[in-house]
Amino acid sequence: MSFAKLGLSEALSKAVADLGYQKPTSIQTKAIPVILQGQDLIAAAQTGTGKTASFVLPILEKLQRGKTQKKKRVRALILVPTRELAIQVAEKVKEYGQFTELTSLAMYGGVDEKAQKQALIDGVDVLVATPGRLLDMYGQRAVYFEEIEMLVLDEADRMLDMGFIESINKIIDRVPTDAQCLLFSATLSHKVRDLAKTAVNDPYEISIAANQASKSNIEQWLITVDKDMKSALLSHLIKENQWDQALIFIETKHGAAKLVSQLEKREIAAEAFHSGRSQEVRTRLLEDFKNGKIKYLVATGVAARGIDIEELSRVVNYDLPFPADEYVHRIGRTGRANASGEAISFVSKDNFKNLCMIESRLGHLIERREVEGFQPRKPVPISILNYVPKHKRQKEEQENQDK
Ligand code: ADP
Ligand code: MG
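All figures in this text were calculated on a predicted structure; none of them were measured in a lab.

(A) Representation of the sheet that holds strand 12 (residues 314-317) within the structure. Taken in spatial order, the 7 strands of this open sheet run 10-11-9-12-13-8-14, and their pairing is parallel. Of all the strands in the sheet, the pair left with one neighbour each is strand 10 (270-273) and strand 14 (367-369). With strand direction ignored, the average angle separating the axes of adjacent strands in the sheet is 25°. Judged from the 3 bridges that link them, strand 9 (residues 246-250) and strand 12 form a sheet pairing that is parallel. Bridge pairing in strand 12 links Ile248 to Val316. Helix-sheet contacts for helix 10 (residues 230-241) involve strand 8 (218-224), strand 9, strand 11 (296-300), strand 12 and strand 13 (341-347), and the interaxial angle to strand 13 is about 155°. Contacts from helix 12 (residues 279-290) reach strand 9, strand 10 and strand 11 within the one sheet, and its direction differs from that of strand 10 by about 140°.

Following this line, the structure appears as structure tokens:
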């Protein structure tokens, strides 16, 4: 499946190809044709599955075919819960629309209104806004809704959690009734469905189940951190959260020994588990880890392959595993037998490509958390999904040419 086959024009397919998107994600494959047909839609898919493009691309496609905007009017309105998201989604609108003539604007509170008002004077095609600031501007007659052809409620569940229901309803009441309305959410709770009833008409419904590769009783997230701060971060987490137990994966034997001594300096007793230790020692370590005598086991991936512990509550990827399948195996060690577990990965900037491959394998992004005092000096970029490493891409292109 390609973006062009979904009904998107050259200008848009080229823009996504330039961003490195190889093919549409599931939600994009399902939502884009429905939206192009003019249907109302409610869609649920996990965070990081590419929902933004699944509504922005067809919106741009449809607006591109239509006429240009009028003063202080907008043609597509995307409501989002936070300022960060407004900026992020508006950025995507710009990127996806870079080969079109369409205009866009992010509107959010906490900053001076002047620039946003000014930008609205000539009208914009796509407005991305938080509900509060938008109503404020509407009240000041800086923006009018009667030309709105398409309305999107993005992250509907979060907007409701944040108490925006009244503002959203006010906005919906003022948008033309024949506007196409799209609701996107990570979850479809009763509250979200109630909201959908007031907003969307006879909607088409898409729900993408969470990827089977990640078992649902495992909570997984990653912490972005500089490489040289990882051991301090680990000590901090162990102490702060009083972890009962952790299986910590690390790349090398040497690294395992070093980490154990670093932890000891911070008064945390841990043991290294790797192929440099005798089988006898390893058997004993495993016994002691299982019965709780050892709380923290630092293991190399290879040595840990055979470890099978019922109800392991936590694994830590001190180093990200390679290849991506190894990640899935590792996190599968926690939360066995329906016990819940957590899988935490430390990710620094130089792990970026590896992270892309893991997230592509999972089919979604892993939730990111930062830990106070350990924010990285070198930020880790956001992955692209369906990531194919350069050497493989070249090989595929070669093969396609050979055909
Ligand atoms: P969601 O809204 O579902 O949480 P986003 O729309 O923010 O997810 O997308 C998550 C990430 O995936 C973004 O970095 C985006 O650039 C990337 N992405 C989206 N669609 C694709 C695709 N078809 N191929 C590769 N990467 C994609
Ligand atoms: Mg989103």
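(B) Region of interest: the sheet that holds strand 1 (residues 41-44). If you trace the 7 strands from one edge of the open sheet to the other, you get 3-4-2-5-6-1-7, paired in parallel fashion. At either margin of the open sheet sits one strand with a lone partner, and together these are strand 3 (104-107) and strand 7 (204-207). Taking each pair of neighbouring strands and ignoring which way they run, the sheet shows an average axis angle of 15°. Pairing between strand 5 (residues 150-153) and strand 6 (residues 180-185): 4 bridges, direction parallel. Following the sheet pairing, Leu151 is matched in strand 6 by Cys181. Helix 9 (residues 190-199) rests against strand 1, strand 5, strand 6 and strand 7 of the sheet, and its axis sits at about 170° to strand 6.

(C) Up close: the UniProt feature "domain: DEAD-box RNA helicase Q" (unreviewed entry) in the protein chain. Taking the numbering used here, the UniProt-annotated feature "domain: DEAD-box RNA helicase Q" (unreviewed entry) corresponds to residues 1-29. Secondary structure content for residues 1-29 is 45% helix and 0% strand, while the C-alpha to C-alpha distance between its ends is 8 Å.

(D) Expanded view of the site of ligand 1. In the region of ligand 1, 20 residues are neighbours, and Tyr21, Gln28, Gly48, Thr52 and Leu385 sit closest. Within the backbone of Gly50, an N or O atom sits 3.2 Å from an oxygen atom of ligand 1. With respect to ligand 1, the backbone of Ser383 contributes an N or O atom lying 3.1 Å from an oxygen atom. Taken by itself ligand 1 offers 570 Å² of open surface, and the protein chains cover 93% of this. Taken together, the residues that form the shell around ligand 1 break down as 7 nonpolar, 10 polar and 3 charged.

(E) Spotlight on the pattern of salt bridges. By the definition in use, this model includes 25 salt bridges. Residues Glu146 and Arg73 are paired through a salt bridge, measuring 2.7 Å at the closest nitrogen-oxygen approach. Placement of Glu146 in the loop between helix 6 (131-139) and strand 5 and of Arg73 in the loop between helix 3 (51-65) and strand 2 (74-79) is noted, with a sequence separation of 73 residues between them. Between Asp350 and Lys227 there is a salt bridge, with the nearest N and O atoms lying 3.3 Å from each other. Taken as a pair, Asp350 in the loop between strand 13 and helix 15 (352-362) and Lys227 in the loop between strand 8 and helix 10 lie far apart in primary sequence, 123 residues in all.

(F) Structural view of the side chain of His274. With respect to the helices and strands, His274 occurs in the loop between strand 10 and helix 12. For His274, a relative accessible area of 11% gives the class buried. A polar atom in the side chain of His274 sits 3.0 Å from the backbone nitrogen of Gly276.

(G) Up close: the domain arrangement of the protein chain. What the domain assignment reports for the protein chain is domain 1 (4-208) and domain 2 (212-369). The centre of domain 1, based on its C-alpha atoms, is set 39 Å off from the matching centre of domain 2.

(H) Quick look at the packing of aromatic side chains. In this structure the tally under the stated criterion is 5 aromatic pairs. An angle of 50° between the planes, with centres 4.9 Å apart, marks the rings of Phe55 and Phe184 as tilted. Of this pair, Phe55 sits in helix 3 while Phe184 is found in strand 6, placing the two residues 129 residues apart along the sequence. Among the residues examined, Phe55 registers a relative accessible area of 0% and is labelled buried. For Phe184, a relative accessible area of 0% puts it in the buried group. Here a set of aromatic residues connected by ring pairs shows up, and it is made of Phe3, Tyr21 and Tyr96. It is Arg73 that lies over the ring of Tyr144; its NZ or CZ is 4.4 Å from the centre. One residue, Lys230, lies across the ring of Tyr318, its end atom 5.6 Å from the ring centre.

(I) Region of the structure containing the nonpolar core. Counting 41 residues, the largest nonpolar core has Leu41, Phe55, Leu57, Ile59, Ile78, Val126 and Val128 as the members making the most contacts within it. If you tally residues by element for this core, the top one is helix 3, at 7 residues. Among residues more than four places away in sequence, those in contact with Val128 are Ile78, Val80, Ala86, Val89, Ala90, Val93, Leu105, Ala106 and Met107. One finds Val124, Ala142, Leu153 and Val192 within the second-largest nonpolar core, a separate group that totals 35 residues.

Each value, and the rule that gives it
Numbers given to residues run from 1 along each chain, matching the order in which its sequence is written. Following the order in which they are written, the chains are lettered starting with A and the ligands numbered starting with 1. Note on the predicted model: pLDDT of at least 70 is required for a residue's local features to be given, and 80 or more for side-chain atom pairs to be given and counted; whole-chain, interface and lining totals, by contrast, use all residues. Excluding hydrogens and water, the side-chain figures rest on all heavy atoms present in the structure. Whether two strands pair depends on DSSP finding at least two bridges between them. Helix and strand labels come from DSSP, where a helix needs a run of H or I of at least four residues and a strand needs a run of E of at least two; each type is numbered from the N terminus. Fitting a line to C-alpha atoms yields each axis, with helices limited to the stretch in contact; the angle taken between N-to-C directions then spans 0 to 180 degrees. Contact between two residues is taken to exist if any of their heavy atoms lie within 4.5 Å; hydrogens are not considered. UniProt positions are given in the numbering used here, feature names are shortened, and annotations may be inferred rather than shown by experiment. Residues are labelled near a given molecule or strand when at least one of their non-hydrogen atoms is within 4 Å of it. Identification of polar contacts relies on pairs of N or O atoms within 3.5 Å, with a donor-acceptor requirement for protein atoms, meaning one able to donate a hydrogen and the other able to accept it, and with residues adjacent in sequence counted only if both atoms are side-chain atoms. In short, Shrake-Rupley with a 1.4 Å probe defines the accessible areas, and a residue's cover is counted only from the protein chains shown. Residues are grouped as follows: nonpolar covers Ala, Val, Leu, Ile, Met, Phe, Trp, Tyr, Cys and Pro; charged covers Asp, Glu, Lys and Arg; every other residue, Gly included, is treated as polar. Any Lys or Arg side-chain nitrogen found within 4 Å of a carboxyl oxygen on Asp or Glu counts as a salt bridge. For the exposure calls, accessible area comes from a 1.4 Å probe over protein chains only, and a residue counts as buried if that area is under 20% of its type's maximum, exposed if over 50%, partly exposed in between. The split into domains, and so the bounds of each, comes from an automatic or database assignment of domains. Paired rings are identified among Phe, Tyr and Trp, the last through its six-membered ring, by centres lying within 6.5 Å, and are further divided according to the angle between planes into stacked (under 30 degrees), edge-to-face (over 60) and tilted (the rest). Here, over-ring charges are defined by two tests on the NZ atom of lysine or the CZ atom of arginine: distance to the ring centre within 6 Å, and angle to the ring normal within 35 degrees. To form a nonpolar core, buried Ala, Val, Leu, Ile, Met, Phe, Trp, Tyr and Cys residues must be joined to one another through side-chain atoms within 4.5 Å.

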